Amino acid sequence: MITVTLPTHLRALAKVSGAIELDIAEPITQETILDALEEAYPMLRGTIRDIATKQRRPFIRFFACGEDLSHQPVTASVPPEVIQGKQPFRIIGAMAGG
Amino acid sequence: MSEVRVLVGTAKGAFIIRSDEKRKDWTIEGPHFPGWEVYHITGTPSDPNRLYVSQSGGWFGQVIQRSDDGGKTWDSVSNEFQYDGETGTHQWYDGTQHPWEFKRVWHIEPSPTDADSLFAGVEDAGLFHSSDGGKSWIELPGLRKVKGDLWQPGAGGMCLHTIVLNPDDPKRIYVAISAAGAFRTDDGGETWLPINEGLVSPYELPDSTAEVGHCVHSIAMHPSQPDVLFMQKHWDVMRSDNSGDLWYEVSGNLPSDFGFPIVVHAHEPNTVYVVPIKSDAHHFPPDGKLRVYRSRSGGNEWEALTNGLPQSDCYHNVLRNAMCVDSLDSCGIYFGTTGGQVYASADSGDNWMPIASNLPRVMSVEVQVLP
């Protein structure tokens, strides 16, 4: 099971109160995690990445294991701790204020 | 006794303000969607408990939500607004051409007769239609073919912010775009005409009477005379008596003819309301006095309505979608300010009271009367 955490606004939109658990077949990458997330919670389509281009929205970041994965290739494997369910894949609303 | 429900979109969520038909005591419910910019929240005439909301934000983009129980619960519907075909380009701030890019939904206009049919006006300017209650959207691309390469963004973006449906002829639709002007279709959206003859924009356009490019802020129509349109342009209050084929100025004695919203009284087709703003450079009321102006003659002769409104040190704006009228016998008028106040008048504007005083910046105000 992969654990995904969402920022407050998206938890409200998805009507979840805590972390989300997803059962995903390998390979487990940013892309497959987001595909599974959007399939389970279609209301999140377009809020994390563009619907057509699949590009990450500018003020969204992906963190895991103390690292910013946002600029990693979307098809690269996420850290083993995420794959093993020991660490969450964190979707973050980036700092965008003053 | 009827219930009156005021739907308020703000920069930090939506609020629903309720009263009975006396419109004296109000309760505020919300925020719904806290933290989101709610450009528009509106009800469906044929099913008043069907509400639609456009929420957006810099982090998470565009979301459309729908309620089928008057706002108690909400479910997201489609936020997939894909322009149809090759979008082409429009004028950019530096004079170059720039590709069309979807940014947000400014305005949702449900059909007066079919709760599942609704239009959405978007930035970059385009008109979309849903025939399934928002579950899917298709663009009406003929609009962008009306010299879209000459359209340009106003300060608020290149947005389609006004949609007026003709109650007698569902194939006739009016839209307004900043800064492209006003447009009309007579065939349900297949083809469009620019309807900007008579508009003069000497400060905004090199050709002051250009066919497109005018910064139209809002258009209003009374359902009993659908060929008569009233317009608040960037500067100038205008009127057309022939469905927009020709406009003429009716600013008359207004202290300023700059402003954003314009609405028509529910029962008096020639009674029109505007909120004069000092200028495009200031964006606040003249002399720090928040005054609604009413014309009972279809324009030109205007009277200031001030009872209950702040008459000193008021520097709030009233945005284009933030004014509306109700359908009760004694017509109610409502508007919201960028300072977070919502004002209501239960007597056609003679007297006003704040029904909310400390909301976020108000972006839209709509009202419903429920049996």
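Residues numbered from 1 in each chain as written. Chains lettered and ligands numbered in written order. Predicted model: local features only at pLDDT ≥ 70, side-chain atom pairs only at ≥ 80, totals over all residues.

A. Fine view of the overall build of chain B. Within chain B one finds zero helices and 30 strands. Its C-alpha atoms give chain B a radius of gyration of 19 Å, near enough to 21 Å, the size a compact globule of 371 residues would have. In chain B, which comprises 371 residues, the proportion classed as buried is 54%. Across chain B, every contact between residues at least 6 apart in sequence was considered, and the portion connecting residues at least 24 apart equals 50%. (Helix = DSSP H or I, 4+ residues; strand = E, 2+ residues; numbered from the N terminus. Rg over C-alpha atoms; globule rule 2.2 N^0.38 Å. Buried ≥ 20, exposed ≤ 12 C-beta atoms within 10 Å, placed from the backbone. Contact = placed C-beta atoms within 7 Å.)

B. A look at the interface of chain A and chain B. Contacts between the two partners involve 13 residues from chain A, matched on the other side by twelve residues from chain B. With three residues, the single largest contributor to the side of chain A that touches chain B is helix H1 (residues 8-14) of chain A. A per-class count over the side of chain A that touches chain B returns eight nonpolar, four polar and one charged. (Nonpolar A, V, L, I, M, F, W, Y, C, P; charged D, E, K, R; others polar.)

C. View of unusual backbone geometry. Residues and elements named next belong to chain B. Cis geometry marks the peptide bond from Gly30 to Pro31, where omega comes out at 5°. Turning to its location among the elements, Pro31 is positioned in strand S3 (residues 27-32). Here the bond from Glu123 into Asp124 is cis, since omega is -5°, no more than 30 degrees from zero. For Asp124, the location among the structural elements is in the loop between strand S11 (118-123) and strand S12 (126-130). Even without a glycine there, the phi angle at Asp236 is positive, about 95°.

D. Representation of the sheet that holds strand S3 (residues 60-64) of chain A. Residues and elements named next belong to chain A. Taken together, five strands build an open sheet; the order of strands is S2-S1-S5-S3-S4 and the sheet is mixed. Only two strands of the sheet have a single partner each, and these edge strands are strand S2 (20-22) and strand S4 (67-68). Two strands pair when backbone bridges link them, and strand S1 (residues 2-5) and S2 are joined in this way by three bridges, in the antiparallel orientation. Residue pairing in the sheet places Val4 in a bridge with Ile20 of S2. Of the strands in this sheet, S1, S2, S3 and strand S5 (89-93) touch helix H2 (residues 30-40), which is tilted by about 110° from S2. (Pairing = 2+ DSSP bridges. Axes fitted to C-alpha atoms, helices over the stretch in contact; angles between N-to-C directions.)

E. View of the sheet that holds strand S25 (residues 303-305) of chain B. Residue and element names in this part refer to chain B. One open sheet holds the four strands; their spatial order is S22-S23-S24-S25, and the pairing between them is antiparallel. A single partner strand is all that each edge strand has here, and the edge strands are strand S22 (262-264) and S25. Neighbour-to-neighbour, the strand axes of this sheet turn through a mean angle of 30°, independent of strand direction. Note that S22 and strand S23 (residues 272-274) share three bridges and pair antiparallel. Bridge assignment links Val264 to a residue of S23, and that residue is Val272.

F. How the structure looks around the nonpolar core. Counting residues in hydrophobic clusters, the biggest one holds 127 residues, and the most contacted among them are Tyr334 and Val342 of chain B. Contact partners of Tyr334 of chain B, with chain neighbours within four places excluded, come to Val6, Met323, Cys324, Val342, Tyr343, Ala344, Val365 and Val367 of chain B. (Core = buried A, V, L, I, M, F, W, Y, C linked by C-beta atoms within 7 Å.)

G. Structural view of the pairing of strand S5 (residues 47-57) of chain B. Residue and element names in this part refer to chain B. With eight of eleven residues buried, S5 lies mostly within the body of the structure. Relative to S5, strand S4 (residues 37-44) runs antiparallel, the two being bridged by seven bridges. The residue bridging Glu37 from the neighbouring strand is Ser56, located in S5. Connecting S4 to the antiparallel partner S5 that follows it, the hairpin turn spans two residues.

H. Local environment of H2 of chain A. Residues and elements named next belong to chain A. Among the residues of H2, those classed as buried are Gln30, Ile33, Leu34 and Leu37. Here the buried residues of H2 occupy an arc of 95° about the axis, which is enough to place them on one side. At its buried positions, H2 is contacted by S1, S2, S3 and S5. (Arc of directions from axis to C-beta.)

I. Here's a closer look at the confidence of the model for chain B. On average, residues of chain B score 96 in pLDDT, and 100% of them are at 70 or above. Overall fold confidence (pTM) sits at 0.96, and the ipTM for the predicted complex is 0.92. (pLDDT = per-residue confidence, 0-100.)

J. Focus on the environment of Met221 of chain B. All names here are of chain B. Position of Met221 relative to the elements: it lies in strand S18 (residues 216-221). The exposure class assigned to Met221 is buried, which follows from the 21 C-beta atoms found within 10 Å. Ignoring sequence-local partners within four residues, the contact set of Met221 consists of Val164, Pro226, Val228, Leu229 and Val264.

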